[in-house]
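Notes for the structure review
Each chain is listed here by its residues.
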Amino acid sequence: MAKKKRDNLKIVVVGHVDHGKSTVIGKLLYDTNSLPEGAVEKVRRIAKETGKPFEYAYLLDAFEEEQKQGITIDTTQIQFFTDQRDYVIIDAPGHKEFLKNMISGAANASAALLIIDAKQGVQEQSKRHAYMLSLLGIKNVYVVINKMDLVDYDAATYHRVASEMKEFITPLGVTPLRYIPVSGLAGENIATASDKMPWYTDQPLLVAMDELPGEQQEIDKPLRFPIQDVYKFDNRRIIAGRIEAGKLAVGDEIVIWPSGKKTHISTLAYWAPRDRKNKGYAGQSVGITVRDEFFNKRGELITLASEPAPHISNRLLVSLFWMGKTPLKVGKKYRLKLATQEVEVEVESITKVIDASSLDSSDDTLKEIKLNDVGEVILRTKEEIAFDTFRENQGTGRFVIVDGYDVTGGGIVNAAEKSVAETIQPAFVKDELVARGELFDEFYYNVGNNEVAKSSSNHQVYAEGDAIPLTGESYTYPANFDVLVLRDKVSILIRDGKVDTIQALDDYKYTGAPLVNGRGFALYIANQEDLQNMLVSYDQLESSDYRKHVEFANRYYSFGRFRKVVFDFDYII
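Bear in mind that the values here come from a model prediction, so they are computed numbers and not experimental data.

**Examining the overall build of the protein chain**
- Across its full length, the protein chain carries 9 helices and 35 strands.
- Here the protein chain holds 573 residues, and 48% of them are scored as buried.
- The contacts of the protein chain with a sequence gap of at least 6 include a subset with a gap of at least 24, amounting to 68%.
- Total accessible area on the protein chain is roughly 27,800 Å²; 48% of this is exposed by carbon and sulfur atoms.

**A few points about the packing of aromatic side chains**
- Counted by the stated rule, this structure contains 18 aromatic pairs.
- Here a set of aromatic residues connected by ring pairs shows up, and it is made of Phe428, Phe440, Tyr462, Tyr475, Tyr477, Phe481 and Phe562.

**A closer look at the packing of helix H5 (residues 124–135) against helix H6 (residues 155–169)**
- The interhelical angle for the contact between H5 and H6, taken along N-to-C directions, is 45 degrees, at an axis separation of 10 Å. The angle between H5 and H6 falls in the class oblique. Classified by chirality, the crossing of H6 by H5 is right-handed. Across from Ser126, Lys127 and Ala130 in H5, the residues of H6 making contact are Met165, Phe168 and Ile169.
- A breakdown of the residues in the contact of H5 with H6 according to their chemical character gives 4 nonpolar, 1 polar and 1 charged.

**Brief notes about the pattern of salt bridges**
- Taken as a whole, this structure holds 18 salt bridges when the rule is applied.
- Where glutamate 346 meets lysine 333, a salt bridge forms, and the shortest distance between an N and an O atom there is 3.5 Å. Taken together, the residues span a long stretch of sequence, with glutamate 346 in strand E19 (residues 341–354) and lysine 333 in strand E18 (residues 333–338) at a distance of 13 residues.
- For lysine 333, a relative accessible area of 45% puts it in the partly exposed group.
- In this structure, the salt-bridge partner of lysine 489 is aspartate 539, at a minimum N-O distance of 3.5 Å. Of the two residues, lysine 489 sits in the loop between strand E29 (481–485) and strand E30 (490–495) while aspartate 539 sits in helix H8 (residues 528–539), which places them 50 residues apart along the sequence.
- According to the relative accessible area criterion, aspartate 539 is partly exposed, its value standing at 28%.
- Overlapping salt bridges bring together Arg315, Lys333, Glu346, Glu348 and Arg380 as one network.

**Section: the nonpolar core**
- Core analysis: the largest hydrophobic core is formed by 59 residues, its most contacted members being Leu113, Met165, Leu205 and Met209.
- Ignoring sequence-local partners within four residues, the contact set of methionine 209 consists of Ile11, Leu28, Phe80, Arg85, Tyr87, Leu113 and Tyr142.
- Counting residues in each nonpolar core, the second largest holds 21 residues, with Tyr334, Val347, Ile369 and Leu379 among its members.

**So, the sheet that holds strand E8 (residues 229–233)**
- The strand order across the open sheet built from 7 strands is E7-E15-E11-E12-E14-E9-E8, with neighbouring strands paired in antiparallel fashion. In the strand order of this sheet, the two ends are held by strand E7 (225–226) and E8, each with one partner.
- One ladder, built from 2 bridges, connects E7 with strand E15 (residues 301–304); its direction is antiparallel. Residue proline 226 lies in a different strand from E15, and its bridge partner there is leucine 301.

**A few points about unusual backbone geometry**
- Look at the link from tryptophan 257 to proline 258: it is a cis peptide, with omega at 15 degrees.
- Following the sequence through the fold, proline 258 ends up in the loop between strand E11 (253–257) and strand E12 (261–268).
- Here aspartate 152, not a glycine, exhibits a phi torsion of approximately 55 degrees, which is positive.
- Counting through the fold element by element, aspartate 152 comes out in the loop between strand E5 (140–146) and H6.
- Classification of aspartate 152 as exposed rests on a relative accessible area of 67%.
- The backbone of aspartate 496 shows a phi angle near 55 degrees, a positive value even though the residue is not glycine.
- By secondary structure assignment, the location of aspartate 496 is in the loop between E30 and strand E31 (498–504).

**Observations regarding a nonpolar patch on the surface**
- A contiguous nonpolar patch, built from Tyr231, Phe233 and Trp271 and spanning about 400 Å² of accessible area, is present on the exposed surface.
- Its relative accessible area of 78% is what places tryptophan 271 among the exposed residues.

**Describing the sheet that holds strand E24 (residues 427–430)**
- In spatial order, the strands read E25-E24-E28; together these 3 strands make up an open sheet with mixed pairing. Both outer strands of the open sheet, strand E25 (433–436) and strand E28 (461–462), are each paired with one neighbouring strand and no more.
- The sheet contact formed by E24 and E28 spans 2 bridges and is parallel. When the sheet's bridge partners are listed, alanine 427 is paired in E28 with valine 461.

**Some details on H5**
- Its 12 residues give H5 an end-to-end C-alpha distance of 16 Å, which sits within 8% of 16 Å, the value for a rise of 1.5 Å per residue.
- Extensive coverage of H5 is indicated by the burial of 10 of its 12 residues.
- Of all the residues in H5, the buried ones are Gln125, Ser126, Arg128, His129, Ala130, Tyr131, Met132, Leu133, Ser134 and Leu135.
- Following H5 by one or two positions, glycine 137 has its phi on the positive side, about 75 degrees.

**Here's the deal with the side chain of serine 126**
- Following the sequence through the fold, serine 126 ends up in helix H5.
- On the basis of relative accessible area, serine 126 is assigned to the buried category, the value being 0%.
- Residues contacting serine 126, with those up to four places away along its chain left out, are His16, His19, Leu114, Ile116 and Met165.

**Some points on the confidence of the model for the protein chain**
- Per-residue confidence for the protein chain gives a mean pLDDT of 82; residues scoring 70 or more make up 82%.
- Low confidence marks residues 62–75, where pLDDT is under 50. Its contacts with residues over four positions away, or in another chain, come to 22 contacts.

**Regarding the environment of glutamine 460**
- Locating glutamine 460 in the fold gives a position in the loop between strand E27 (451–455) and E28.
- Between the alpha carbons of glutamine 460 and glycine 437 there is a distance of 9.1 Å; along the sequence they are 23 residues apart.

**Notes on the pairing of strand E16 (residues 311–322)**
- For E16, a buried count of 10 out of 12 residues is recorded, marking the element as mostly surrounded by other parts of the structure.
- Of the strand pairs in this sheet, E16 and strand E23 (residues 406–417) are connected by 8 bridges, and their pairing is antiparallel. The residue bridging leucine 317 from the neighbouring strand is alanine 415, located in E23.

**Notes on H6**
- The end-to-end C-alpha distance of H6, which contains 15 residues, comes to 21 Å, matching closely the 21 Å that a straight helix rising 1.5 Å per residue would cover.
- Regarding H6, the residues found buried are Thr157, Tyr158, Val161, Ala162, Met165, Phe168 and Ile169. Mapping the buried residues of H6 onto a view down its axis gives an arc of 125 degrees, with all of them on the same face. Facing away from the buried surface of H6 by more than 90 degrees, the exposed residues are Ala156 and Glu167.
- Lining the buried residues of H6 we find strand E4 (111–117), H5, E5 and strand E6 (178–181).

The rules behind these values
- Residues numbered from 1 in each chain as written.
- Predicted model: local features only at pLDDT ≥ 70, side-chain atom pairs only at ≥ 80, totals over all residues.
- Heavy atoms only, no water.
- Helix = DSSP H or I, 4+ residues; strand = E, 2+ residues; numbered from the N terminus.
- Buried < 20%, exposed > 50% of the residue type's maximum accessible area, 1.4 Å probe, protein only.
- Contact = heavy atoms within 4.5 Å.
- Areas by Shrake-Rupley, 256 points an atom, 1.4 Å probe, with all protein chains shown as cover.
- Phe/Tyr/Trp six-rings, centres within 6.5 Å; stacked < 30°, edge-to-face > 60°.
- Axes fitted to C-alpha atoms, helices over the stretch in contact; angles between N-to-C directions.
- Parallel < 35°, antiparallel > 145°, perpendicular 65-115°, else oblique.
- Left-handed = near helix turned anticlockwise from the far one by under 90°.
- Nonpolar A, V, L, I, M, F, W, Y, C, P; charged D, E, K, R; others polar.
- Salt bridge = Lys/Arg side-chain N within 4 Å of Asp/Glu carboxyl O.
- Core = buried A, V, L, I, M, F, W, Y, C linked by side-chain atoms within 4.5 Å.
- Pairing = 2+ DSSP bridges.
- Patch = residues over 30% accessible without salt bridge, like charges linked within 9 Å, V, L, I, M, F, W, Y side chains within 5 Å.
- Expected span 1.5 Å × (residues − 1).
- pLDDT = per-residue confidence, 0-100.
- Arc of directions from axis to C-beta.

Printed below as a string of structure tokens:
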């Protein structure tokens, strides 16, 4: 008979400083016999030698010291075991450290213990940590009301603290499964029911923890395989990365996002014949070769054609926390790192800024997010990316923000905002195809400050059959020409001054008509071969390599054929 696989659960422990997190964790380790051999005796000896009383919190210190020597797991993560399952506790020792821990892995937790001192009650940091649990999407929460011994195990105090916490945490969308009274120091209601609190008839902490819902195994989720890199060996192109979720096998039909191109897995790469395998699973780093030769690059996301696709958009609604010394501001550009993708991102708008101690949000706070603040933000990436919401998949639904060389924030994706025509107007639209219409922007030379600027005054959306303005102050287009909006992968054929055809760029064939890009710059293209070479070169551009973008523009773009810069004096200061 096959042995049943043990359940695993990652659980983050948070709470205000000195509310007894270490004591509770130490007692859990003690009661589950998860401590290193000799740790208890060592702590008792030190306590006796120093004249201090024995405390379970000291066991946690001894355990962490052992881990530093044993190097089996990260020092911020503590393993222990019950008869029911294996646990990994992620200790969050204080506010600043907690933010750092979330970036490095606490977001993997599926459950949480929020520790509250019964005597001190709910503190500002308690509220902030509660909001962080909401931010991380952690729904399975126990509020542990600790230090009941300091209030003589009083039921009224327990109910008052529980009510205060419930009033704060419920609007956040976090509904604690239980409010559990304990005394970590005295060991009351940790592993077994306490006779000092007969009024509490629910289960003690350790028993209740075993009843928390288990984690969905990553292997059972839809495939998410972010491309880490592409390596060339002999005549093979090996796509390498770590499988974040799901599984893959030789022969599977896959989709490469955000392009949506489909192909099949030919092989899984191996160094020696003994390493040959035909399948890969979540958590494994693998290399694959595919049947069709596409240009692939770091950051693209591979899924199975038979499974749900990720979201594809250039606008993301996110919840984030900010650690930058300089506030996050609307309109400022940063670098967004999500899975293996790294793209330029602009803060489009701040929809909510939360003071975690009070949940207050006011209009005058919507211009920036300051150090240690949290908020809801719409981010706009320079190009469309593939991602999931955090609820759908943690690995491809959380991100960090980089300002310069520093990680200054991080958070989770709540939803994909559509790249609707209104956000990029004027635009060409047909069904799901949406393309920017910046060829109608006007270019002015501001004689007041000696700078060239552009103005978008045309906000009309054009469909097939619509007439377009062929002449503006700073542009003149012929009656027949083709527009290739490379960023949006859409082509538009203009005939007799009207929109004749809107189609995917992949379906466009060179017609011999004059060509412009999405900004109205003429393209140096003379035939289908030139067109194909340009498209291949564009697909190979890395968003962060601006020198290559300049080389590409100088090779293929001409500003002066259909455009000019108009001198203007309206902006003189």
